[in-house]
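An overview of the molecular structure
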Amino acid sequence: MKKVFIIAAVAISSTFLTAGLVYAASHDITGELGGVSGDMFNLDGAMAVDSLIVGAQNVGGVTFFNGTIINNTTNGSADNPVTFGDNVRIDGRVYRGSAAGTADTMPFIVNDNMQVAGSLEVGSFASEGVVDTANLADGAVSQAAEDFETNSVIFDAEYPDYDVLLTKTITTGDSTLLVLFSGEFQGTNTGEIVTWVTLDGGDSNILMGSMRGMDIHTAHASSTISSNNIVAVEAGTHTIQVRAAISDSVGTMGDMSNGTLDVIELKK
């Protein structure tokens, strides 16, 4: 009796084991449906699967989603998002709405912090606080150019003629220039020294016009003349000059020493 019981137990165990192995095995669905490799099967309805494998290592596979991908599960009352558990490669453009472009009122929204490993090119910044001096590289906000002369520069032109004392050329975009000038002047005789700064070397003195004139009452008396101004410029190459002349005293000469001309482009 005991021997019969053991035989029966082994037979039952073998049956369950065999059934389990058959359940876990792979099935040739194409063959079972009467098809051959390469056939396409149409399903007029929905199919629910626990997992879906498309392609294999070194074997490509294409999945066509002619519609919308949705995760209709929830966590409590919150919708669960569609999750990509790996790096994602997009070979096209990413946009929101039925059509690409900025004409609609449906912007593509990133609801998190974002890091860009490469360069970032945008059409425009529509938000405040996007650009801050703390996250810009050195030299990204402005550029500067300087001309200086520590030795004496003699000038004797009579106004409205002039002598050029300092010159600086700078190439900018549509921008704003901050121009700073300072120099120590003296005359060999009594008379008036007139100094001014021009933009692009024009005679109209469109940058600053006449700066403070210095009236020399005593020969070889010296005084420092300085000025600064902010001016809007169009894109292009600009030449800024410091000019000086003698006024109301024929034959008077003057000289400038320790002259400095600084030109700074203030970029937006």
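None of these values were measured; they are calculated from a predicted model. (Residues numbered from 1 in each chain as written. Predicted model: local features only at pLDDT ≥ 70, side-chain atom pairs only at ≥ 80, totals over all residues. Heavy atoms only, no water.)

Comments concerning the packing of aromatic side chains
The cut-off we apply is this: Aromatic rings from Phe, Tyr and Trp, with only the six-membered ring used for Trp, were paired whenever their centres fell within 6.5 Å, and each pair was classed as stacked if the ring planes differed by under 30 degrees, edge-to-face if by over 60, and tilted otherwise. For helices the rule is a DSSP run of H or I covering at least 4 residues; for strands it is a run of E covering at least 2, with both sets numbered from the N terminus onward. For the exposure calls, accessible area comes from a 1.4 Å probe over protein chains only, and a residue counts as buried if that area is under 20% of its type's maximum, exposed if over 50%, partly exposed in between. Ring-over charges, as used throughout, are those where CZ of Arg or NZ of Lys falls within 6 Å of the ring centre and within 35 degrees of the ring normal.
Taken as a whole and assessed by the stated rule, the structure comprises two aromatic pairs. Aromatic pair Phe 155 and Phe 185: ring centres 6.0 Å apart, planes at 70°, arrangement edge-to-face. Within this pair, whereas Phe 155 is found in strand β4 (residues 153-155), its partner Phe 185 is found in strand β6 (residues 175-187), the two being separated by 30 residues in sequence. An identical accessibility class is assigned to Phe 155 and Phe 185; each is buried. On the numbers, 6.5 Å between centres and 65° between planes, the contact of Phe 181 with Phe 185 is edge-to-face. Considered together, Phe 181 and Phe 185 belong to a single accessibility category, that of buried residues. Ring-pair connections join several aromatic residues into one group, and the members of that group are Phe 155, Phe 181 and Phe 185. Here the basic side chain of Arg 243 rests over the ring of Tyr 162, its NZ or CZ set 3.9 Å away from the ring centre.

What to know about unusual backbone geometry
Phi is positive for Asn 58, close to 65°, though the residue is something other than glycine. Relative to the assigned elements, Asn 58 resides in the loop between α2 (29-32) and β1 (74-75).

Topic: the confidence of the model for the chain
Threshold: Confidence scores labelled pLDDT are given residue by residue by the predictor and lie between 0 and 100. By definition in these notes, contact holds between two residues if any of their heavy atoms fall within 4.5 Å.
Within the chain, residue pLDDT values average 78, and 75% of them lie at 70 or more. Within the chain, no element has a lower average pLDDT than strand β8 (residues 209-210), which sits at 42, and none a higher one than β1, at 92. Counting interchain partners and residues more than four positions distant, the pLDDT-below-50 stretch residues 1-22 has one contact. Here residues 203-213 is a poorly scored stretch, pLDDT under 50, and it has 37 contacts once near neighbours within four places are set aside; other chains count.

So, the pairing of strand β11 (residues 236-247)
Formally: Strands were regarded as paired on the criterion that DSSP finds at least two bridges between them.
Buried residues dominate β11, accounting for nine of its twelve residues. Relative to β11, strand β5 (residues 163-172) runs antiparallel, the two sharing nine bridges. Bridge assignment links Lys 168 to a residue of β11, and that residue is Ile 240.

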